[in-house]
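The primary structure of each chain is shown beneath.
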Amino acid sequence: MTVYFIGAGPGDPELITVKGQRLIRSCPVILYAGSLVPKQVLEGHRAEQVVDTAELDLDAIVALLREAHGRGYDVARVHSGDPSLYGAIGEQIRKLEALGIDYEIVPGVTATAASAAALKRELTLPGISQTVILTRYATKTSMPEGESLADLARHRATLAIHLGVRHIERIVADLVPHYGADCPAAVVFRASWPDETRVQGTLADIASKVRAASVERTAMVLVGRVLDAHGFADSTLYAKD
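Since this is a predicted model, take the numbers as computed values, not measurements.

1. Some remarks on the packing of helix α2 (residues 58–71) against helix α3 (residues 90–99)
Two elements in contact, α2 and α3, have axes separated by 11 Å at closest approach and are oriented at 45°. Of the possible angle classes, the one that applies to α2 and α3 is oblique. Handedness of the crossing formed by α2 with α3: right-handed. Note on element contacts: α3 touches α2 through Glu91, Gln92, Lys95, Leu96 and Leu99, opposite Leu58, Asp59, Ile61, Val62, Leu65 and Arg66. Residues of the contact of α2 with α3, tallied by class, amount to 6 nonpolar, 1 polar and 4 charged.

Take a look at the structure:
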């Protein structure tokens, strides 16, 4: 028996991996985060038990995993995006290891990748930025020392900020001293979903544009010169020499 932590991707049911789809269609038990994973991702399943875990706490989820283990049933534990990023799988894995239950992680398309695709932008450009920092804005869970947004902003790398759009004004205040008010910024709400919304501007006006668009949750904030770069050099990847 194995618990498969499956990244379902950012929302579009076609953005799940072939392996993830195969496991969902073959595992007899499916536990999925219904508030973030569309039901279309589960199409074609033959599971005996399907549970939306959106309202369950950790102990209740682990109890279901332990029950499946006792029956010898593989479990498709379906998370949004890629489970290794803000997927809260670490605490589940810790419980499984204590119980001696085998598990495997199946990666998925990240919200960052889907947002870049929605904006039709490359997040790394020669001479502009060769580093992407994936982070979150500190709210209920504090950030470790040295990982505050202001600390990370000193690198002036491309930033992908999770879970922070409600605090867009504070984000702007932390970033402007390092990136400048004219630095391009974008917010992508529910990237790859049918109701996807894109808000683009600069640090000077992105907050007002976000408020005008009524974007308050489930959005990725992207900041960096790569979002509106034109005079960058070609990469050496396709150079004639």
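2. Examining the pairing of strand β2 (residues 29–32)
With burial as the criterion, each face of β2 is covered, one bearing Val29 and Leu31 and the other bearing Ile30 and Tyr32. Sheet topology places β2 next to strand β3 (residues 49–52); 4 bridges connect them, and they run parallel. When the sheet's bridge partners are listed, leucine 31 is paired in β3 with valine 51. As judged from the 4 bridges shared by β2 and strand β4 (residues 75–79), these two strands associate in the parallel manner. Looking across to β4, one finds that leucine 31 is bridged to arginine 77.

3. Structural notes on the domain arrangement of the chain
According to the domain assignment, the chain contains domain 1 (3–106) and domain 2 (111–227). The straight-line distance from the C-alpha centre of domain 1 to that of domain 2 is 29 Å. Contacts between the two partners involve 8 residues from domain 1, matched on the other side by 9 residues from domain 2. In this assembly, domain 1 packs against domain 2 so that about 710 Å² is buried in total across both faces, 72% of it on carbon and sulfur atoms. In terms of surface lost to domain 2, no three residues of domain 1 exceed Pro10, Leu85 and Tyr86, which account for 65% of the buried area on that side.

4. Side note on the environment of histidine 155
Considering the arrangement of structural elements, one finds histidine 155 in the loop between α5 (149–153) and β7 (158–162). The exposure class assigned to histidine 155 is exposed, which follows from its relative accessible area of 58%. Sequence separation between histidine 155 and tyrosine 179 is 24 residues, and the spatial gap between their C-alpha atoms is 9.3 Å.

5. Focus on the pattern of salt bridges
Scanning all chains against the criterion turns up 10 salt bridges. For arginine 225, the salt bridge is made with aspartate 182, and the minimal N-O distance between the two is 2.9 Å. Within this pair, whereas arginine 225 is found in the segment after β10 (219–223), its partner aspartate 182 is found in the loop between α6 (168–179) and β8 (184–189), the two being separated by 43 residues in sequence. Accessibility expressed as a relative area gives 36% for arginine 225, which makes it partly exposed. Bridged by salt links that share partners, the residues Glu48, Glu67 and Arg71 form one connected network.

6. Considerations on the UniProt feature "domain: Tetrapyrrole methylase" (unreviewed entry) in the chain
Mapped onto the present numbering, the UniProt feature "domain: Tetrapyrrole methylase" (unreviewed entry) falls on residues 2–206. End C-alpha atoms of residues 2–206 are separated by 45 Å, and the span's content is 29% helix alongside 22% strand.

7. A short note on the packing of aromatic side chains
Across all of its chains, the model carries 1 aromatic pair by this definition. Measuring from centroid to centroid gives 6.4 Å for phenylalanine 5 and tyrosine 103, while their planes differ by 70°, and the two rings are edge-to-face. Pair noted here: phenylalanine 5 is in strand β1 (residues 2–7) and tyrosine 103 is in strand β5 (residues 102–106), with a separation of 98 residues, a long-range link. Given the relative accessible area of 0%, phenylalanine 5 is considered buried. Residue tyrosine 103 is classed as partly exposed on the basis of its relative accessible area of 26%. A cation over an aromatic ring shows up here: arginine 190 above the ring of tryptophan 193, its NZ or CZ 3.9 Å from the ring centre.

8. Considerations on α2
In this model, α2 (14 residues) spans 20 Å end to end at C-alpha, consistent with the 20 Å of a helix rising 1.5 Å per residue. Where α2 is concerned, the buried positions are Ile61, Val62, Leu64, Leu65 and Ala68. For α2, the angular spread of the buried residues around the axis is 155°, confining them to a single face. In α2, the exposed positions angled more than 90 degrees off the buried face are occupied by Asp59 and Gly70. Where α2 is buried, its residues contact β1, β2, β3, β4 and α3. A side-chain oxygen of the first residue of α2 lies 3.3 Å from the backbone nitrogen of aspartate 59; this N-cap is aspartate 57.

What counts and how
- Residues numbered from 1 in each chain as written.
- Predicted model: local features only at pLDDT ≥ 70, side-chain atom pairs only at ≥ 80, totals over all residues.
- Heavy atoms only, no water.
- Axes fitted to C-alpha atoms, helices over the stretch in contact; angles between N-to-C directions.
- Helix = DSSP H or I, 4+ residues; strand = E, 2+ residues; numbered from the N terminus.
- Parallel < 35°, antiparallel > 145°, perpendicular 65-115°, else oblique.
- Left-handed = near helix turned anticlockwise from the far one by under 90°.
- Contact = heavy atoms within 4.5 Å.
- Nonpolar A, V, L, I, M, F, W, Y, C, P; charged D, E, K, R; others polar.
- Buried < 20%, exposed > 50% of the residue type's maximum accessible area, 1.4 Å probe, protein only.
- Pairing = 2+ DSSP bridges.
- Domains from an automatic or database assignment.
- Buried area = accessible area lost by both parts, 1.4 Å probe.
- Salt bridge = Lys/Arg side-chain N within 4 Å of Asp/Glu carboxyl O.
- UniProt positions renumbered as here; feature names shortened; annotations may be inferred.
- Phe/Tyr/Trp six-rings, centres within 6.5 Å; stacked < 30°, edge-to-face > 60°.
- Lys NZ or Arg CZ within 6 Å of the ring centre and 35° of its normal.
- Expected span 1.5 Å × (residues − 1).
- Arc of directions from axis to C-beta.
- Polar contact = N/O pair within 3.5 Å; in protein donor to acceptor, adjacent residues only side chain to side chain.

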